[in-house]
Amino acid sequence: MRGNVIVGQSGGPTAVINASVAGVYAAAKRAGVNKVYGMVYGIQGFLEDKVLDLDEYLADEAGMELLKRTPSAFLGSCRYKLPDVWSNEEQFEKVFEVMEKYDISCMFYIGGNDSMDTVKMLSDYAKQKGKNQCFIGIPKTIDNDLPITDHCPGYGSAAKYIATSLKEIIRDNAVYGDYRTAILLVEIMGRHAGWLTAAAALAKDDSCEGVDAIYLPERDFNLDEFLRKVKELAERKKSIVIAVSEGVRLGNGRFVCELDGAGSEKTDVFGHKQLSGCGAFLAGLIQEKTGYKARAVEFSTLQRAASHIASLTDIEEAFRAGEAAVEAALEEKTGMMVTLLRGEGDSYRCLTGLYDIHAIANQERKVPTEWITEDGCGVTKEYEVYARPLIQGELFPIYENGIPKHLVRKV
């Protein structure tokens, strides 16, 4: 691999996305690469020549260790979709112009479904135009919805946060015992895939009875059946905690609650509906139809920002994904994404692979229907066997003045 390399981050951050940056940097330096650059604000910032030299932050072990413990996207992120190449070829040429300015031979892009589309378009354009630069995708998403890969870096830590927080919420919700019925709806991220909400099942163990119901977007949501379930639970217990995905929708395809709660279809730059307030809507419905008091909490961005409780397994796999991307570039691969592969046998092992980006970009993997219970209110043991290894281990923060210390970009 000639020249320098650059790494960028895109889409929603995770608690371990920076570990992949660290993995790229470490592997590239071992391979003798002179400069490892970082895109500031992803491909959008790169088009404006916003580039930094990672030597300034990661040249010593202290910086690397701090980066692994830093939440959000250290380099800055974006939700920017490149245009159709034939409608705006100038932007594609600008990418290669900036790459040539810094003698960059390979771009590593860390992200989810839409980010992999950027890798696909740039690698295809390079091939069509006879350019030598290569493009490798590194998976990232708490939604765990990228196809081909067994799981995505970022998911394990989000699942660990969800399971831990639900254990604490379950204890809190039961504080009044038999003296008051307490119904709590916990809204968890997941527009079309219910991987995050499924992690609510991991709260159950020897010291916790677990949640009372789990609703995923992979199954149609029936309001009448939901209310019947709530009434049935309330007849036999006082403390009720229900996990619900933000993306649950009715049989007609309509989301239970959209952004304004009144059926609007506001969308983001990628055309995805923006959802929020599902838990609050259902809590209000319970009060209106049953008379029971109910309230809702929304984990929101806490699910992806909680680096203080990140999974060590997740951090190590994110780092390894960054290393594997560099190894692919050394073999002159392009238009590929690093995948995580589960080793055979009873004990959990994670290996890395590579897969054609065209089979991954803009695709979505959902929770298998066979992992959802027949009544649609929970997940099976198969899901727990799949997910529990991903939340194992801890990498404790480096504390300063009583709170975790983070690595912060200067510009």
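So, how was this worked out
- Residues numbered from 1 in each chain as written.
- Predicted model: local features only at pLDDT ≥ 70, side-chain atom pairs only at ≥ 80, totals over all residues.
- Heavy atoms only, no water.
- Helix = DSSP H or I, 4+ residues; strand = E, 2+ residues; numbered from the N terminus.
- Rg over C-alpha atoms; globule rule 2.2 N^0.38 Å.
- Buried < 20%, exposed > 50% of the residue type's maximum accessible area, 1.4 Å probe, protein only.
- Contact = heavy atoms within 4.5 Å.
- Areas by Shrake-Rupley, 256 points an atom, 1.4 Å probe, with all protein chains shown as cover.
- Lys, Arg positive; Asp, Glu negative; His and termini not counted.
- Charge placed at Lys NZ, Arg CZ, Asp CG, Glu CD.
- Pairing = 2+ DSSP bridges.
- Axes fitted to C-alpha atoms, helices over the stretch in contact; angles between N-to-C directions.
- Parallel < 35°, antiparallel > 145°, perpendicular 65-115°, else oblique.
- Nonpolar A, V, L, I, M, F, W, Y, C, P; charged D, E, K, R; others polar.
- Core = buried A, V, L, I, M, F, W, Y, C linked by side-chain atoms within 4.5 Å.
- pLDDT = per-residue confidence, 0-100.
- Salt bridge = Lys/Arg side-chain N within 4 Å of Asp/Glu carboxyl O.
- Phe/Tyr/Trp six-rings, centres within 6.5 Å; stacked < 30°, edge-to-face > 60°.
- Lys NZ or Arg CZ within 6 Å of the ring centre and 35° of its normal.
- Patch = residues over 30% accessible without salt bridge, like charges linked within 9 Å, V, L, I, M, F, W, Y side chains within 5 Å.
- Expected span 1.5 Å × (residues − 1).
- Arc of directions from axis to C-beta.
- Polar contact = N/O pair within 3.5 Å; in protein donor to acceptor, adjacent residues only side chain to side chain.
- Right-handed = clockwise from strand over helix to strand, strands pointing away.

### Quick look at the overall build of the protein
Then, in step 1: When you go through the protein residue by residue, the secondary structure sums to 13 helices and 13 strands.
Then, in step 2: Expected size for 411 residues packed as a compact globule is a radius of gyration near 22 Å; at 22 Å, the protein falls within 12% of this value.
Then, in step 3: For the protein, the C-alpha atoms occupy an extent of roughly 70 × 45 × 45 Å along the three principal directions.
Then, in step 4: Burial status across the protein gives 57% buried among its 411 residues.
Then, in step 5: The contacts of the protein with a sequence gap of at least 6 include a subset with a gap of at least 24, amounting to 76%.
Then, in step 6: Surface summary for the protein: the accessible area is close to 17,700 Å², and the carbon and sulfur share equals 47%.
Then, in step 7: Of the side chains in the protein, 48 bear a positive and 60 a negative charge, and the two mean positions are spaced by 3 Å.

### Section: the sheet that holds strand 7 (residues 213-215)
Then, in step 1: Read across the sheet, 4 strands follow the order 7-8-6-9 without closing on themselves; strand pairing throughout is parallel. What marks the edges here is a single partner per strand, and that holds for strand 7 and strand 9 (294-298). Going across the sheet, the axis of each strand differs from the next one's by a mean of 20°, ignoring polarity.
Then, in step 2: With 3 bridges joining them, strand 7 and strand 8 (residues 239-245) adopt parallel strand pairing.

### What about the packing of helix 5 (residues 89-101) against helix 6 (residues 113-129)?
To describe two helices that pack against each other, one gives the angle between their axes and the distance between the axes.
Then, in step 1: Running from N to C, helix 5 and helix 6 cross one another at 85°; their axes reach a closest spacing of 11 Å. As far as their axial angle goes, helix 6 and helix 5 are roughly perpendicular. Together, Glu89, Phe92, Glu93, Val95 and Phe96 of helix 5 and Met121, Leu122, Tyr125, Ala126 and Lys129 of helix 6 make up the contact between the two elements.
Then, in step 2: By residue class, the composition of the contact of helix 5 with helix 6 is 7 nonpolar, no polar and 3 charged.

### Examining the sheet that holds strand 11 (residues 350-356)
Then, in step 1: On the basis of which strands lie adjacent, the open sheet formed by 7 strands has the order 3-2-1-4-5-10-11 and mixed pairing. With partners counted over all chains shown, the strands left at the sheet margins are strand 3 (51-53) and strand 11, one partner each. Sheet twist, expressed as the mean angle between neighbouring strand axes with direction ignored, is 30°.
Then, in step 2: Pairing between strand 1 (residues 4-9) and strand 4 (residues 104-111): 6 bridges, direction parallel. Across the sheet, Ile6 pairs through a bridge with Met107, a residue of strand 4.
Then, in step 3: Across the sheet, helix 1 (residues 17-30) touches strand 1, strand 2 (36-39), strand 4 and strand 5 (134-139), and the angle it forms with strand 1 is around 175°.

### Quick notes on the nonpolar core
Then, in step 1: Ranked by internal contacts, the top residues of the largest apolar core, which has 45 residues, are Val7, Val36, Leu54, Leu58, Phe108 and Ile136.
Then, in step 2: At the level of elements, strand 1, helix 1, helix 3 (55-58), helix 4 (61-68), strand 4, strand 5, helix 12 (312-330) and strand 10 (336-342) are the ones that each hand at least two residues to this core.
Then, in step 3: Residue contacts for Leu54: discarding those within four places in its chain leaves Val7, Val21, Tyr25, Val36, Tyr37, Gly38, Ala59, Phe74 and Leu75.
Then, in step 4: Tyr155, Ala193, Ala201 and Val379 belong to the second-largest nonpolar core, a separate cluster that totals 41 residues.

### Quick notes on the environment of Lys229
Then, in step 1: If you trace the backbone, Lys229 turns up in helix 9 (residues 223-236).
Then, in step 2: For the pair Lys229 and Val36, spaced 193 residues apart in the sequence, the C-alpha separation amounts to 55 Å.
Then, in step 3: When near neighbours in sequence (up to four residues on either side) are disregarded, Lys229 contacts Asp212, Ala213, Tyr215, Asp375 and Cys377.

### A closer look at the confidence of the model for the protein
Then, in step 1: Mean pLDDT over the protein works out to 94, with 95% of the residues at or above the 70 mark.
Then, in step 2: Considering only residues more than four positions removed or in separate chains, one finds that residues 259-264, a stretch of pLDDT under 50, has 6 contacts.

### Comments concerning the pattern of salt bridges
Then, in step 1: Overall, the coordinates contain 28 salt bridges when judged by the stated rule.
Then, in step 2: In this structure, Glu65 engages Arg69 in a salt bridge whose closest nitrogen and oxygen atoms are separated by 2.9 Å.
Then, in step 3: Given the relative accessible area of 21%, Glu65 is considered partly exposed.
Then, in step 4: When the shortest N-O distance is used, the salt bridge between Asp117 and Lys120 registers 3.6 Å. A residue pair is termed a helical-turn pair when its members lie 3 or 4 positions apart in one helix, as Asp117 and Lys120 do in helix 6 at 3 residues. Per residue, the accessibility class of Asp117 equals that of Lys120, and both read buried.
Then, in step 5: A cluster of three or more residues bridged by salt bridges with shared partners is formed by Lys29, Lys35, Asp53 and Asp55.

### Section: the packing of aromatic side chains
The geometry of an aromatic ring pair is captured by the separation of the ring centres together with the interplanar angle, meaning the angle of the planes.
Then, in step 1: Taken as a whole and judged by the stated rule, the model has 15 aromatic pairs.
Then, in step 2: Through a chain of ring-to-ring contacts, the aromatic side chains of Tyr155, Trp195, Trp371, Tyr383 and Tyr386 assemble into a single cluster.
Then, in step 3: The aromatic ring of Phe319 is capped on one face by Lys68, whose charged end is 4.7 Å from the ring centroid.
Then, in step 4: The cationic tip of Arg409 hangs over the ring face of Tyr41; the distance from NZ or CZ to the ring centre is 5.1 Å.

### Concerning a nonpolar patch on the surface
Then, in step 1: Taken together, Val175, Tyr176 and Tyr179 make up a surface patch of nonpolar side chains, about 440 Å² in accessible area.
Then, in step 2: Mapped onto the secondary structure, Tyr176 falls in the loop between helix 7 (155-173) and strand 6 (182-188).
Then, in step 3: On the accessibility criterion, Tyr176 (47% relative accessible area) is partly exposed.

### Focus on helix 9
Then, in step 1: Compared with an ideal rise of 1.5 Å per residue, which puts 14 residues at 20 Å, helix 9 spans 21 Å between its outermost C-alpha atoms and is within 8% of the ideal.
Then, in step 2: Taken as a whole, helix 9 has its buried residues at Phe226, Leu227, Lys229, Val230, Leu233 and Ala234. For helix 9, the arc enclosing every buried residue in end-on projection is 155°, short of the 170-degree limit, so these residues lie on one face. Looking at helix 9, the residues exposed on the side facing more than 90 degrees away from the buried face are Asp224, Arg228, Glu235 and Arg236.
Then, in step 3: Those residues of helix 9 hidden inside the fold are in contact with strand 6, strand 7, strand 8 and helix 10 (278-290).
Then, in step 4: Measuring from the side-chain oxygen of the N-cap residue of helix 9 to the backbone nitrogen of Asp224 gives 3.0 Å; that N-cap residue is Asn222.

### Considering the pairing of strand 2
Regular strands place their side chains on alternate faces of the sheet.
Then, in step 1: Neither face of strand 2 is exposed, since Val36 and Gly38 on one face and Tyr37 and Met39 on the opposite face are all buried.
Then, in step 2: With respect to chirality, the unit in which strand 1 leads through helix 1 into the neighbouring parallel strand 2 is right-handed.
Then, in step 3: Of the pairings in the sheet, the one linking strand 2 to strand 3 comprises 3 bridges and is antiparallel in character. If you follow Tyr37 over to strand 3, its bridge partner there is Asp53.

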